[in-house]
Amino acid sequence: MSGADSSGAAGSEADAGPGWDAVGLGGALDTLAGFRPKTGNMEAWNAAYVRVEDYLRAHRIHNRLHQSRLIQTVLERAARRHEANPALNPTQLAVEELELWMQRWFTSVLGATENSADRVAAQGRLAMLLCDGPQKWPYVFLDNRTQPTDFVTAMRTGAIDAGPDMSLSSMVPRPIDLGPIPEAAGETIERIEDWPIVRTLLLWLVFAGCLAVIFRMTR
Amino acid sequence: MRLFLTETMDQGRLNRRRFLFFTGIFGVTSIATWFMADLLWRNGLSMVEGIVLLLFVVLFAHVAVGFCTALVGFYVINRGGDSSRIVPPKPGAPLASTAIIMPVFNEDVSRVFEALRVIYRSVQETGELEHFDFFVLSDSNQPNQWIQEEVAWLELCKQVNGFGKIFYRKRRISINKKAGNVADFLRRWGRRYRYMVVLDADSIMTGRSLVQLVATMEKHPSIGILQTAPRIVNGTTLFARVQSFANRLYSPLFLAGLNYWQQHEGNYWGHNAVIRVQPFIDHCALPDLPGSEPFGGRILSHDFVEAALMRKAGWGVWLAGDIEGTFEEGPPTLIDSAKRDRRWCQGNMQHTWLLTARGFRPANRFHMLMGVMGYVSSPLWLFFLLVSTIHVFAQVTSPGKLGPRPEDYTSIFGYELEVPEAFTLFLLTMFLLFVPKVLSVIVAFNRGHADRFGGRRELVTSAVLETVLSALIAPISMAFNAKFVLTTLLGQGVSWVTQRRDADVDGTDWREAILTHGGQTCFGVVWGVSSFIISPGFFWWLSPVIAGLVLSIPISIFLSKASIGRGARELGLFMTPEEVAAPYELRRLEQNLAECYRHLAPIGPLRADYGLLQAVLDPYVNALHVALLRQRRQTEESREWFAQLRDRLLHDGPGNLTTKEKLALLMDADSMLELHRELWNSPAESLAEWWRLAMRQYNVLTAAPTTALYR
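Residues numbered from 1 in each chain as written. Chains lettered and ligands numbered in written order. Predicted model: local features only at pLDDT ≥ 70, side-chain atom pairs only at ≥ 80, totals over all residues. Heavy atoms only, no water.

So, on to the overall build of chain B. Of regular secondary structure, chain B possesses 26 helices and twelve strands. If one aligns the C-alpha atoms of chain B with their principal axes, the spans along those axes are about 95 × 60 × 55 Å. Per-residue burial over chain B gives 58% buried out of 711 residues. Nonlocal contacts in chain B, meaning residues at least 24 apart in sequence, comprise 81% of its contacts between residues at least 6 apart. Total accessible area computed for chain B in this model is approximately 29200 Å², and 59% of it derives from carbon and sulfur atoms. Positive and negative charge centroids in chain B, built from 71 and 65 side chains respectively, lie 5 Å apart. (Helix = DSSP H or I, 4+ residues; strand = E, 2+ residues; numbered from the N terminus. Buried < 20%, exposed > 50% of the residue type's maximum accessible area, 1.4 Å probe, protein only. Contact = heavy atoms within 4.5 Å. Areas by Shrake-Rupley, 256 points an atom, 1.4 Å probe, with all protein chains shown as cover. Lys, Arg positive; Asp, Glu negative; His and termini not counted. Charge placed at Lys NZ, Arg CZ, Asp CG, Glu CD.)

Here is the structure:
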């Protein structure tokens, strides 16, 4: 499914006729045509494409246009790193690039934070979830140029409280005076529990006693 | 209607009420004992007969308690209600900060959060939401449940704008079960609230009832616990519908009777009750009992003990039977009911330790004794019947000793009636068992409530059928409870057969029924054949008990059928007021749940670990889960161990990890972040096939912009 999308995008370059320039789309095609990984095979880059696409969809980026732009940018950056070290896996490189981009973007949206990069990304995702970012602002994800004020405000105020502020109390069990008979029985039981053989013997004794009573009754 | 406070209730008057009630029990038991003793005594009292008589007195007294409670209830209701009972104040009475807490343990997440949604909305509609906070207190130890709860909580908060009002807390270490869960809440947040309302995972309460409860507590500062009488609702199977019908029809009598003699020394049933928090913190923390489980150790059935401790500290415990809008759900099948009884049995038997504890009020001791008897009476009945069989055997094998006279006439104070004495005793027992049912029907007619049960004819037919079914169920319950008591005393657990839950299966399947009730059937057959050989006459006396045991398999299957339950409903049988005119909250819950269950379930191979899948794979669920975890410092050793676990999870799949290992990973925030990163970074070929499938499928499942499994 995802593979079909990516091949469709690649196919559009070959199908484009000279008439396209006349309607002013040549620039966009140039941009698309400008990116072509110089290292690595098509299978590996297709896999990278699918993974980035999956990851964006997992982020609920369902806007295909925006999704395509993000994928292309990520793959371009990954391709540049791949040229420097072709032994690396394109999928890994692409997701790393996407993660790095997200961390930087979340840092810029959320403002100064003391959290580590991983934590910032998690914090940002949670804020996105709370403000329904992907649905309300479908073009804003990872866009550094335009960040609507209401989006930034929503992101910065998005926090969850799983519980109110704690107000600690001491709740200590008080012993119950069971009375002399249960107290003595309890002590006996606790003592018997320390002697498992005695316990087993007692149980068998009770069982044998029951049998004896039944025998006596039925005679 | 007058209302007596704990302090103003005239002690002399209360004593007179109790004297009347317990004298009634004593009187009825004495009459029955007289007949039984006379029956056994005529040829001298042997040891076996002595045992039979002793058991009979204990068991009959237990039956007499129920009879007298209903009789007193009938008297009270006929007088227009008790002049001394809790009546909620008028609307607009002042309220105070209240926490509505719902402890959960691996429950159906949709049911829990949809119920909470309905309660929240209902409170909101009263205009008093500001006084209430809601807590889901999770002790769930299944990864799926945990993650679903987190996601459902967040979704609910978003949908009802409940952030800061609805809270979720998952305990890292779940000690002391529900009592420990509630105690943990009280230690963290108890001081913030004056009251807490404890709900079960299957509870529903209307906003109006919650407001009434809190207003009543505010009006009466001496009350520590105010317990409502929840109605059993939402039953679809025949078993559940029969239970809810019986609960709805018979409970007014028993509630009125209970309130008559217990007054401010009532009981707490563990849910659908409001509790004054500070005295509960001060006095109701539970110590361990002597010895270890199952008989000793931590107290499992905490509610009765908490009521006793509250009373011991001088606070009132009232039953608010008049408050409407408080509901719970019952078990759908006979086997589910037995499973619940297995848990309660152990807890109630533990109360034996506390019967003579110093400082407890006699009323609380009586509650605990009745709780113990609720289970211990089963093996005693069984023993009584078996000893009676032995007694008949002894008479048959020694014909010289058998006097014909007791079978021919009844002797009362020297007057002889030409009715067999055993038959008289049988009639007396039946009278005690069935009169409360007849009185309940009369009360429903007198109050003009027959239409609320589907109509006069339907009400009577349902009551008759319920009586027949309860007579068939009684021996099965007796066999179950006898087994539970014995296994508890021997420190053993009971194993249950797992039902095959196919979509097509309607109720208990034959395999489960045969494996669960097979022993009871065999026992019934052997007992029936033996008693018939010993004495055909005696066999016919025993036949109602034998029939229940021998037919336990088909009875269990028949009662578990939702299709039969629906059929009965169409015929207007076993109707309750909540079915005839369902409260808005129940209708809303039903609609919401129907919508939830229509949603696509995860595909088979992913279902077992879907929660873990979401927590690792989904960027939002991962972020939410990590945000709810407390950050902990790790040692070098634990870091290494977690790294190994992560590696195994990603490369071998979750099927190769134990539940404990999965939970350990889920509890470690760093591991969860790392797993998310590693999963998305790793080339497909280095991941387990399970994760590759998960990544392919998850996009299909998350086509809609939602993170909740349902909704």
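Let us now look at the overall build of chain A. Each helix and strand counted, chain A has eleven helices and zero strands in total. Counting from the amino terminus, chain A carries its helices and strands in the arrangement α-α-α-α-α-α-α-α-α-α-α. With 219 residues in all, chain A has 36% of them scored as buried. Within chain A, contacts between residues at least 6 apart in sequence are counted, and of these 61% link residues at least 24 apart.

All names here are of chain B. Taken N-terminus to C-terminus, the directions of helix α14 (residues 510–534) and helix α15 (residues 536–550) make an angle of 175 degrees; their axes are 9 Å apart at the nearest point. Taken as axis vectors, α14 and α15 run roughly antiparallel relative to one another. For the pair formed by α14 and α15, the contact residues are Q520, T521, F523, G524, V525, W527, G528, S531, F532 and I534 on the first element and P536, F538, F539, L542, V545, I546, L549 and V550 on the second. Grouping the amino acids of the contact of α14 with α15 by side-chain chemistry returns 13 nonpolar, five polar and no charged. (Axes fitted to C-alpha atoms, helices over the stretch in contact; angles between N-to-C directions. Parallel < 35°, antiparallel > 145°, perpendicular 65-115°, else oblique. Nonpolar A, V, L, I, M, F, W, Y, C, P; charged D, E, K, R; others polar.)

This part covers the confidence of the model for chain A. All names here are of chain A. The pLDDT averaged across chain A works out to 80; a share of 82% of its residues lies at or above 70. Taking the mean pLDDT of every element in chain A, the minimum, 36, falls on helix α1 (residues 2–15) and the maximum, 93, on helix α6 (residues 90–110). Low pLDDT (under 50) marks residues 1–29, which in the prediction has 18 contacts with non-local residues, meaning those over four places away or in another chain. (pLDDT = per-residue confidence, 0-100.)

This part is about the state of the cysteines. In total, this model carries zero disulfides over all chains according to the counting rule given. Left unpaired, C210 of chain A is separated from the closest cysteine sulfur, that of C345 of chain B, by 18 Å. (Disulfide = S-S within 2.5 Å.)

The interface of chain A with chain B comprises 55 residues on the first partner and 71 residues on the second. At the boundary of chain A and chain B, one finds four salt bridges. A salt bridge links R60 of chain A to D618 of chain B; the shortest N-O distance between them is 2.6 Å. In this assembly, chain A and chain B are joined by 19 residue pairs in polar contact (both at pLDDT 80 or more). Of all the secondary structure elements, the ones that give two or more residues to the side of chain A that touches chain B are α4 (42–58), α6, α7 (117–130), α8 (133–136), α10 (180–193) and α11 (196–218) of chain A. Per element, the largest residue contribution to the side of chain A that touches chain B is eight residues, and it comes from α7 of chain A. Class assignment for the residues of the side of chain A that touches chain B results in 26 nonpolar, 13 polar and 16 charged. (Salt bridge = Lys/Arg side-chain N within 4 Å of Asp/Glu carboxyl O. Polar contact = N/O pair within 3.5 Å; in protein donor to acceptor, adjacent residues only side chain to side chain.)

So, about a nonpolar patch on the surface. Together, W195, V198, L202 and L205 of chain A make up an exposed nonpolar region whose accessible area comes to about 420 Å². As for its placement among the helices and strands, V198 of chain A is situated in helix α11. (Patch = residues over 30% accessible without salt bridge, like charges linked within 9 Å, V, L, I, M, F, W, Y side chains within 5 Å.)

Another point: the nonpolar core. Within soluble globular proteins, side chains that are nonpolar tend to cluster in buried spots. One finds F106 and F141 of chain A together with F134 and W691 of chain B to be the most contacted residues of the largest nonpolar core, which totals 132 residues. At ten residues, α6 of chain A tops the list of elements feeding residues into this core. Those residues in contact with F106 of chain A, other than ones at most four positions away along the chain, are G111, V120, A121, G124, R125, M128, F141 and M155 of chain A. (Core = buried A, V, L, I, M, F, W, Y, C linked by side-chain atoms within 4.5 Å.)

With that settled, the discussion passes to helix α23 (residues 636–652) of chain B. Along an α-helix, residues three or four positions apart point the same way, because every turn accommodates 3.6 residues. Residues and elements named next belong to chain B. If you check α23, its first and last C-alpha atoms are 24 Å apart, about what 17 residues at 1.5 Å a residue would give, namely 24 Å. Within the sequence span of α23, burial applies to F642, L645, R646, L649 and L650. All buried residues of α23 fall inside an arc of 120 degrees around its axis, so they share one side. Structural note: α23 exposes E636, E637 and E640 on the side pointing more than 90 degrees away from its buried face. (Expected span 1.5 Å × (residues − 1). Arc of directions from axis to C-beta.)

A separate point is the sheet that holds strand β2 (residues 132–138) of chain B. All names here are of chain B. Taken in spatial order, the seven strands make up an open sheet running β3-β2-β1-β4-β8-β6-β9, and their pairing is mixed. Lying at the two open borders of the sheet, with one neighbouring strand each, are β3 (166–170) and β9 (316–320). Going from strand to strand, the sheet's axes swing by 20 degrees on average, the running direction of each strand aside. As paired elements, strand β4 (residues 195–198) and strand β8 (residues 273–276) share four bridges and run antiparallel to each other. Looking across to β8, one finds that V198 is bridged to A273. Seen against the sheet, helix α3 (residues 109–126) touches β1 (98–104), β2 and β3 and runs at an angle of roughly 170 degrees to β2. (Pairing = 2+ DSSP bridges.)

Right, let's talk about the packing of aromatic side chains for a bit. Residue and element names in this part refer to chain B. Applying the stated criterion across every chain, the model contains 36 aromatic pairs over all chains. For the pair F67 and F431, a centre-to-centre distance of 5.8 Å together with 50 degrees between the ring planes defines the contact as tilted. Taken together, the residues F67 in helix α2 (residues 47–78) and F431 in helix α12 (residues 421–446) connect sequence positions 364 residues apart. Assessed through its relative accessible area of 6%, F67 is described here as buried. Taking 5.2 Å as the distance between ring centres and 35 degrees as the angle between the ring planes, the aromatic pair formed by F135 and W189 counts as tilted. Of this pair, F135 sits in strand β2 while W189 sits in helix α5 (residues 177–189), and the two are 54 residues apart along the sequence. (Phe/Tyr/Trp six-rings, centres within 6.5 Å; stacked < 30°, edge-to-face > 60°.)

The next thing to look at is the sheet that holds strand β7 (residues 231–233) of chain B. Residue and element names in this part refer to chain B. The sheet built from three strands is open, its strands ordered β5-β10-β7 with mixed pairing. Edge strands, defined here as strands with exactly one partner in the open sheet, are β5 (204–205) and β7. The sheet contact formed by β7 and strand β10 (residues 326–329) spans three bridges and is parallel. Bridge pairing links R231 to F327 in β10.

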